[in-house]
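# Reading the structure
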Amino acid sequence: LAAHTALGRKAQESATCVSTRDGRLAVYMGDDTRFEYIYKFVSRDAIKPGGAAANATLLDHGTLYVAQFNADGKGRWIALTHGEGPLTAANGFADQGEVLINTRLAADVLGATKMDRPEWGAVNPDNGDVYFTLTNNTSRTVADAANPRVKNAYGHIIRWRERSRDYAGQRFTWDLFMLAGPGEDSRGPDGKPLNQDNILASPDGLWFDPEGRLWIQTDMSGSQLSSGPFGNNQMLVADPRTGELKRFLTGPLGCEVTGIAATPDFRTLFINIQHPGEGSTADNLLSTWPDGPGRRPRSATVVITREDGRRLL
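Residues numbered from 1 in each chain as written. Predicted model: local features only at pLDDT ≥ 70, side-chain atom pairs only at ≥ 80, totals over all residues. Heavy atoms only, no water.

For the chain, the helix and strand inventory stands at 4 helices and 18 strands. Relative to the compact-globule value of 20 Å for 313 residues, the chain shows a C-alpha radius of gyration of 20 Å, a close match. With the C-alpha coordinates of the chain rotated into their principal frame, the extents come out at 60 × 50 × 45 Å. Expressed as a percentage of the 313 residues in the chain, the buried residues total 48%. Sequence-distant contacts, at least 24 apart, represent 49% of the contacts inside the chain between residues at least 6 apart. Accessible surface for the chain amounts to roughly 14,500 Å². Of this, 50% is attributable to carbon and sulfur atoms. The chain carries 34 positive and 37 negative side-chain charges, and their two centres are separated by 3 Å. (Helix = DSSP H or I, 4+ residues; strand = E, 2+ residues; numbered from the N terminus. Rg over C-alpha atoms; globule rule 2.2 N^0.38 Å. Buried < 20%, exposed > 50% of the residue type's maximum accessible area, 1.4 Å probe, protein only. Contact = heavy atoms within 4.5 Å. Areas by Shrake-Rupley, 256 points an atom, 1.4 Å probe, with all protein chains shown as cover. Lys, Arg positive; Asp, Glu negative; His and termini not counted. Charge placed at Lys NZ, Arg CZ, Asp CG, Glu CD.)

A few words on the sheet that holds strand S2 (residues 24-30). If you walk across this open sheet you meet the 9 strands as S1-S2-S4-S5-S6-S11-S10-S9-S8, and the pairing is antiparallel. With partners counted over all chains shown, the strands left at the sheet margins are strand S1 (16-19) and strand S8 (118-123), one partner each. Across the sheet, the axes of successive neighbouring strands diverge by a mean angle of 30°, strand direction being ignored. Contacting strand S4 (38-46), strand S5 (62-69) and strand S6 (74-79), helix H3 (residues 103-110) crosses the sheet at an angle of about 50° to S5. (Pairing = 2+ DSSP bridges. Axes fitted to C-alpha atoms, helices over the stretch in contact; angles between N-to-C directions.)

The strand order across the open sheet formed by 4 strands is S12-S13-S14-S15, and the pairing between neighbours is antiparallel. Two strands close off the open sheet at either side, each with one partner strand: strand S12 (203-208) and strand S15 (244-250). Geometrically, the sheet is characterised by an average inter-axis angle of 25° between neighbouring strands, direction not taken into account. Where S12 meets strand S13 (residues 214-218), 4 bridges bridge the pair, whose relative direction is antiparallel. Its bridge partner being in S13, Trp207 is matched across the sheet by Trp215.

Another aspect to go through is the side chain of Asn147. Assignment of secondary structure puts Asn147 in the loop between strand S9 (130-134) and strand S10 (156-162). Look past the residues within four positions of Asn147 in its chain and what remains in contact with it is Thr113, Lys114, Met115, Asp116, Leu134, Arg140 and His156.

A cis amide bond links Trp289 to the next residue, Pro290, at an omega of 5°. By secondary structure assignment, the location of Pro290 is in the loop between strand S17 (269-274) and strand S18 (300-304). Even without being a glycine, Lys151 presents a positive backbone phi close to 45°. Looking at where Lys151 falls in the secondary structure, it is placed in the loop between S9 and S10. Assessed through its relative accessible area of 58%, Lys151 is described here as exposed.

For any pair of aromatic rings, the description consists of the separation of the ring centres together with the inter-plane angle of the planes. Tallying each qualifying case throughout the model produces 17 aromatic pairs. Ring geometry for Phe69 and Trp160: centres 5.9 Å apart, planes at 65°, overall edge-to-face. Here Phe69 is found in strand S5, whereas its partner Trp160 is found in strand S10, with 91 residues between them in sequence. In this structure Trp160 comes out as buried when scored by relative accessible area, which is 1%. Measuring from centroid to centroid gives 5.3 Å for Phe69 and Phe172, while their planes differ by 65°, and the two rings are edge-to-face. (Phe/Tyr/Trp six-rings, centres within 6.5 Å; stacked < 30°, edge-to-face > 60°.)

Here is the structure:
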């Protein structure tokens, strides 16, 4: 696989791709580490007809940006471009290659907002809003507007809208879509605390279906699974238009629910169950999913349909 150096070097968890008004590609990315950043890459060239072969070098040239979330609900994308601002040889960045190789250091000196483990992104097909999961960060000692809790064990979801209504823009407005967690420490999309129908922690996977519903998958750690009120990892579905949020399914013990796709008629849903029974040994199987008693746990893809054959929702 080719290394896409222009996207920067980081612990990249996701790549959410959309096209700009003039046909270029914008890629939203999260650096899945405590106190790291959310990035956007905008290609120099437009997307060409002809599929992958015609666009093999599309990610080789463009501008990489890092997000700064301000307390007033506004934000900006700061370009990681050699020679601009502090990204100079005098500050240890000899050329653009060093900026991209040392992406995190470059974002540090640019004053980007340190986030609580940004993982997955998704774009709302109804209005173009971008959503991103911040899974957790128990090392945080100082809160800020975009990461409002110290020792953030539960995570949250942030969203923003590009002010130019074009993904190539450099200004946006933002808010918090939800705060995961128990009781009064949480806030759902409707502004109310989460309840037994939708309580969750450590949001991770995100996906919008074509009808504008947001699907949320969780990745709680072993300690959260064993000591918290959340049960096993799960998948929920939210309607941003109404603020409704409900649990759709719960995974087997020790798993992460990750990845989602649907058939065009929305009658079949595919999800992945990853590492069920995490922590098992040959003598102590914490789960025997999916094959049953006496069998070791295995990751698998699950196919979900309704018994009556109708659309899932």
